[in-house]
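# Survey of secondary and tertiary structure
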Amino acid sequence: MEEIRRKIWAQYAFLLLACCFFSQLYATSDVKFYESFDEAFDGRWIVSDKEEYSGVWKHAKSEGHDDYGLLVSEKARKYAIVKELDNVVDLKDGTVVLQYEVRLQDGLECGGAYIKYLRPQEAGWTAKGFDNESPYTIMFGPDKCGATNKVHFILKHKNPKSGEYVEHHLKFPPSVPADKLTHVYTAVLKPDNDVLILVDGEEKKKANFLSSDDFEPPLIPAETIPDPEDKKPEDWDERAKIPDPDAKKPDDWDEDAPMEIEDEEAEKPEGWLDDEPEDVDDPEATKPEDWDDDEDGEWEAPKVDNPKCAEAPGCGEWKRPMIRNPAYKGKWHAPLIDNPNYKGIWKPRDIPNPDYFELDKPNFEPIAAIGIEIWTMQDGILFDNILIASDEKVAESYRKTAWKPKFDVEKEKQKAEEEAESGGLKGYQKVVFDLLYKVAGVPFLGEHKAKVLDLLEKAEKQPNITVGVVVSVVVVVFSVLLKLIFGGKKQQQPARASAEPERTDGAETSTSNSQAAEEKEEQSEDAAAAPRRRTRRDN
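Basis of the calculations
Residues numbered from 1 in each chain as written. Predicted model: local features only at pLDDT ≥ 70, side-chain atom pairs only at ≥ 80, totals over all residues. Heavy atoms only, no water. UniProt positions renumbered as here; feature names shortened; annotations may be inferred. Helix = DSSP H or I, 4+ residues; strand = E, 2+ residues; numbered from the N terminus. Buried < 20%, exposed > 50% of the residue type's maximum accessible area, 1.4 Å probe, protein only. Contact = heavy atoms within 4.5 Å. Areas by Shrake-Rupley, 256 points an atom, 1.4 Å probe, with all protein chains shown as cover. Disulfide = S-S within 2.5 Å. Pairing = 2+ DSSP bridges. Phe/Tyr/Trp six-rings, centres within 6.5 Å; stacked < 30°, edge-to-face > 60°. Lys NZ or Arg CZ within 6 Å of the ring centre and 35° of its normal. Salt bridge = Lys/Arg side-chain N within 4 Å of Asp/Glu carboxyl O. Expected span 1.5 Å × (residues − 1). Bend = angle between axes of the 7 residues up to and from the residue. Polar contact = N/O pair within 3.5 Å; in protein donor to acceptor, adjacent residues only side chain to side chain. 1 Å grid on protein atoms, 1.4 Å probe; cavity = no way out; pocket = protein on both sides within 12 Å on 5 of 7 lines; lining within 4 Å. Points joined across faces, edges and corners; volume = space filled by probe spheres on them. Nonpolar A, V, L, I, M, F, W, Y, C, P; charged D, E, K, R; others polar. pLDDT = per-residue confidence, 0-100. Core = buried A, V, L, I, M, F, W, Y, C linked by side-chain atoms within 4.5 Å.

- As annotated in an unreviewed UniProt entry, the protein chain carries the name Calnexin and comes from Solanum pinnatisectum.
- In its Sequence similarities (unreviewed entry) section, UniProt records this for the protein chain: "Belongs to the calreticulin family."
- One UniProt comment on the protein chain, placed under Subcellular location (unreviewed entry), says "Endoplasmic reticulum membrane".

## Focus on the overall build of the protein chain
- Helices and strands together make up the secondary structure of the protein chain, namely nine helices and 25 strands.
- Counting all 539 residues of the protein chain, 36% fall into the buried class.
- Within the protein chain, contacts between residues separated by at least 24 positions form 74% of all contacts whose residues are at least 6 apart in sequence.
- Accessible area of the protein chain: about 33400 Å², with a carbon and sulfur share of 51%.

## Overview of the state of the cysteines
- Following the criterion strictly, the structure yields two disulfides and no others.
- Between cysteine 309 and cysteine 315 runs a disulfide, and the two sulfur atoms are separated by 1.9 Å. In this structure, the disulfide formed by cysteine 309 and cysteine 315 twists by about -125° around the S-S bond and is classed as left-handed.
- Judged by its relative accessible area of 17%, cysteine 309 is buried.
- Since its relative accessible area comes to 6%, cysteine 315 is described here as buried.
- When the cysteines engaged in disulfides are numbered in sequence order, the protein chain pairs them as 1-2, 3-4.

## Brief notes about the pairing of strand E3 (residues 57-61)
- For E3 and strand E4 (residues 68-72), the ladder comprises five bridges, and the chain directions are antiparallel. Counted as the bridge partner of lysine 58 is leucine 71 from E4.
- Here E3 folds back onto E4 in antiparallel fashion, the turn holding six residues, of which glycine 64 has a positive phi close to 90°.

## Section: the packing of aromatic side chains
- Summed over all chains, the structure comprises 14 aromatic pairs.
- Judged by centre distance (4.7 Å) and plane angle (55°), the ring pair of tyrosine 34 and tyrosine 398 falls under tilted. Remark: tyrosine 398 occurs in helix H4 (residues 392-421) and tyrosine 34 occurs in strand E1 (residues 31-35); sequence separation between them is 364 residues.
- Using a relative accessible area of 31% as the deciding quantity, one classes tyrosine 34 as partly exposed.
- For the pair phenylalanine 209 and phenylalanine 215, a centre-to-centre distance of 5.4 Å together with 20° between the ring planes defines the contact as stacked. The residues phenylalanine 209 and phenylalanine 215 share a single accessibility class, namely buried.
- Aromatic ring contacts, followed pair by pair, group Trp57, Tyr79, Tyr100, Phe140, Phe153, Tyr185, Phe209, Phe215, Phe364 and Phe383 into a single cluster.
- We note arginine 119 situated over the ring of tyrosine 165; from NZ or CZ to the ring centre the distance is 4.0 Å.
- Looking at lysine 156, its charged tip hangs above the ring of tyrosine 136, at a distance of 5.0 Å from the centre.

## Here's the deal with the pattern of salt bridges
- The tally for this structure, following the rule as stated, stands at 27 salt bridges.
- Ionic pairing is found between aspartate 66 and lysine 61, a salt bridge with its closest N-O pair at 3.5 Å.
- Residue aspartate 66 is classed as exposed on the basis of its relative accessible area of 65%.
- For the salt bridge of aspartate 227 with arginine 349, the shortest nitrogen-to-oxygen distance reads 3.1 Å. Of this pair, aspartate 227 sits in the loop between strand E16 (224-226) and strand E17 (241-243) while arginine 349 is found in the loop between strand E22 (336-338) and strand E23 (350-352), placing the two residues 122 residues apart along the sequence.
- Here the salt bridges share partners, and the residues they tie into one network are Asp67, Glu101, Asp384 and Lys406.

## Here we look at H4
- Under the 1.5 Å per step criterion, the end-to-end length of H4 is 40 Å for 30 residues, consistent within 8% with the ideal 44 Å.
- Roughly 45° is the biggest bend found in H4, and it falls at tryptophan 403, with proline proline 405 one to four residues downstream.
- Where H4 is concerned, the buried positions are Val394, Ala395, Arg399, Ala402, Trp403, Lys406, Phe407 and Glu410.
- Measuring from the backbone nitrogen of lysine 393 back to the side-chain oxygen at the start of H4 gives 2.9 Å, which picks out aspartate 391 as the cap.

## A word on the layout of surface pockets
- In this structure, the largest pocket spans a volume of roughly 280 Å³.
- Around the largest pocket, the lining comprises 15 residues; the ones closest to its centre are Glu63, Arg103, Lys180, Lys413 and Glu417.
- Of all the elements, H4 adds the most residues to the lining of the largest pocket, at seven residues.
- Along the lines of polarity and charge, the residues of the lining of the largest pocket split into two nonpolar, four polar and nine charged.

## Observations concerning the confidence of the model for the protein chain
- Chain-level statistics for the protein chain give a pLDDT mean of 83 and a share of 79% at 70 or above.
- Low confidence marks residues 8-27, where pLDDT is under 50. Its contacts with residues over four positions away, or in another chain, come to two contacts.
- In this model residues 488-539 is a low-confidence stretch, pLDDT under 50, and it forms 47 contacts with partners more than four residues away in sequence or in other chains.

## Observations concerning the nonpolar core
- In this structure, Tyr100, Tyr117, Phe140, Phe153, Leu189 and Phe383 are the most contacted members of the largest nonpolar core, which totals 61 residues.
- It is strand E5 (residues 77-89) that contributes the most residues to this core, six residues altogether.
- Excluding anything up to four places from it in sequence, phenylalanine 153 contacts Ile138, Met139, Phe140, His168, His169, Leu170, Ala187, Leu189, Val195, Ile197, Phe209 and Phe215.
- Counting eight residues, the second largest nonpolar core, distinct from the first, contains Leu198, Leu387, Ala389 and Val394.

## With respect to unusual backbone geometry
- Geometrically, the link from glutamate 216 to proline 217 is a cis peptide bond, its omega value of -10° lying close to zero.
- Residue position: proline 217 is located in the loop between strand E15 (215-216) and E16.
- In this model, asparagine 193 sits at a positive phi of 80°, which is unusual for a non-glycine residue.
- Among the structural elements, asparagine 193 can be located in the loop between strand E12 (182-189) and strand E13 (194-199).
- On the accessibility criterion, asparagine 193 (10% relative accessible area) is buried.

See the structure below:
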């Protein structure tokens, strides 16, 4: 009996080992290519010999990790490097997953961090001669410069009618994450013609290769095109409306009448000071001690508003105000009528498109190599864990084991640095805001509750004004308490105090006094410098 039990356990163990072996073999077979850059890339990756690609690639650790990657080491350079695959990858059969990590350790202001999946060398390229013209099947990855900010997905597809390879760009691709963390980019090509774009494992875009709404230009050309030989007839009239040829200008239409005239009914106000100028020399201004008449010219006191004019209706020569001229009609134009000869907007006739073809599935070219050919103003770009697989779950497992631990560490470090830079203020602010929201909930605030909540919302969006908001809320609460206690006897003072927070709109609460002082100082400096500037300009 014991012997039989041992045989059963032996058979069970054998089956278990066999299952593990075949599952591992299956998982390995799903990986078409993988590069971890754990070892130096020399000899395995070929750097282009083209003179324009002077950027130096380095085998370097990702900042803060022991994990190595392929590093862009210099700014404002072009880079080109390629890795030929041991086996060509066919994109026509089943699912294909393209995935890789990239970390912008110094950010990305202008440059690319995408990968090109190259066609076989029979298409006309060499590893040493790898450049921008080397034929690829797919270009995928982040690119950012100026108005461009997107995760490219471009398919180069051959038109079977014309034989021309056309770049088809994914419409409305996702944007590039704006930080310095490691991100993983995934493109999943599905057998049902769908393509999924994932960033950090989250689906950001789903498209269909055969949909004209998803790619520009569409993979399937239009069935008809405008006839390039068709020309608009000379007598074709596209004017929907025309001036009425029978209309005539009325005899009483005065085109020369002015738009405005003097108000004849206006009278000069009593007390108008005809002989007083609107501005006078500043009586308090004195000639600067360093004024040199030979160099700076004759000094003139700056002008100020005439104080006598402030006490009178006005100064200087009185003129009648202008009013709209009731007789003004402007330039006469004949009214528009429907054009009897109108034929509509002309367009060339449609003809069958000679390049049109029908398509059930994209005619993908195979992938024979992986190339990185970029121009960037940034250094510190690190490529890592480049994967081609035939199973989405395999790609997911690589994200969990190779990418996610690094990302979590970087995220925690970033959070700690942000808190350190703020001097722990964020934690303090949270406590303060929790308390203030409780204060806003007290019943006696009544109609003032909305005002307090509005202040708190503004402060949460602008944390630098927290102190000003605390003061404002205290003023509001104190004002309401005074009204309750004294029953309105001291109504004026609380009203002025409670009105103050209503003008709170950001940092102005805490900086208004200093800004006012600075403006006053600038005005006094401008006033002193004004005569000097005016005299020199006149000379």
